[in-house]
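Spelled out, the chains give:
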Amino acid sequence: DRSDDGSDDGSDGDDNNPKRYPALSQDEIEEKLNIPVFGLTDESGNGVILSDNGNNIFHFFFSKHMADHALKAVTAANAGAPTLKVTAFHL
């Protein structure tokens, strides 16, 4: 039902029997949670570990744009390094 402010309380109009939905299957859950993140890898797809103040870190990016920006920065700072690329990973 819709209240006066236009919101939906999720019921089907019968307060004693709220509207129920079937459970999602394992495949449906995985599909809904299939959110890509991006990282820098070598040509073989191996993750690139970056050092920051003595800490070795594999960076993940939620935005491909930010991963592309990081790739440009790493490539510019390491002219002799092997070819790197942005790769999508799924959590």
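Residues numbered from 1 in each chain as written. Predicted model: local features only at pLDDT ≥ 70, side-chain atom pairs only at ≥ 80, totals over all residues. Heavy atoms only, no water.

Asks: Go over the pairing of strand β1 (residues 36-42), please, and point to the residues and values.
Replies: Counting buried residues in β1 gives five out of seven residues, a clear majority hidden from the surface. Note: β1 against strand β4 (residues 84-90), seven bridges, orientation antiparallel. Considered in β4, the bridge of D42 is made with L84. (Buried < 20%, exposed > 50% of the residue type's maximum accessible area, 1.4 Å probe, protein only. Helix = DSSP H or I, 4+ residues; strand = E, 2+ residues; numbered from the N terminus. Pairing = 2+ DSSP bridges.)

Asks: Outline a negative patch on the surface, supporting the account with residue identities and numerical values.
Replies: A contiguous patch of negative charge, built from D27, E28, E30 and E31, is present on the exposed surface. Checked against the element boundaries, E31 lands in helix α1 (residues 26-32). For E31, a relative accessible area of 64% corresponds to the exposed category. (Patch = residues over 30% accessible without salt bridge, like charges linked within 9 Å, V, L, I, M, F, W, Y side chains within 5 Å. Areas by Shrake-Rupley, 256 points an atom, 1.4 Å probe, with all protein chains shown as cover. Salt bridge = Lys/Arg side-chain N within 4 Å of Asp/Glu carboxyl O. Lys, Arg positive; Asp, Glu negative; His and termini not counted. Charge placed at Lys NZ, Arg CZ, Asp CG, Glu CD.)

Asks: Describe the nonpolar core, and please don't skip the residues or the numbers.
Replies: Where a protein is soluble and globular, its nonpolar side chains tend to be buried together. F38, L40, V48, F61, A67, A70, L71, V74, L84 and V86 form the largest nonpolar core, which has 10 residues in total. Elements represented by at least two residues in this core include exactly β1, α2 (64-77) and β4. Examining the composition of this core, we find that four residues originate from one element, α2, more than from any other. When near neighbours in sequence (up to four residues on either side) are disregarded, F61 contacts V37, F38, M66, A67 and A70. (Core = buried A, V, L, I, M, F, W, Y, C linked by side-chain atoms within 4.5 Å. Contact = heavy atoms within 4.5 Å.)

Asks: Please set out the packing of aromatic side chains residue by residue, giving values where relevant.
Replies: In the structure shown here, the tally under the stated rule is three aromatic pairs. Measuring from ring centre to ring centre gives 4.9 Å for F58 and F60, while their planes differ by 80 degrees; the resulting arrangement is edge-to-face. Geometrically, the ring pair formed by F60 and F89 is edge-to-face, given 5.9 Å between the ring centres and 85 degrees between the ring planes. With F60 in the loop between β3 (55-57) and α2 and F89 in strand β4, this residue pair connects regions lying 29 residues apart in the sequence. The class of F60 is partly exposed, set by a relative accessible area of 49%. An aromatic cluster of three or more residues is present, and its members are F58, F60 and F89. (Phe/Tyr/Trp six-rings, centres within 6.5 Å; stacked < 30°, edge-to-face > 60°.)

Asks: Lay out the side chain of T87 with the relevant residues and their values.
Replies: For T87, the location among the structural elements is in strand β4. When its relative accessible area of 19% is taken as the criterion, T87 is described as buried. The contact partners of T87, leaving out residues within four places of it in the chain, are V37, F38, G39 and T41.

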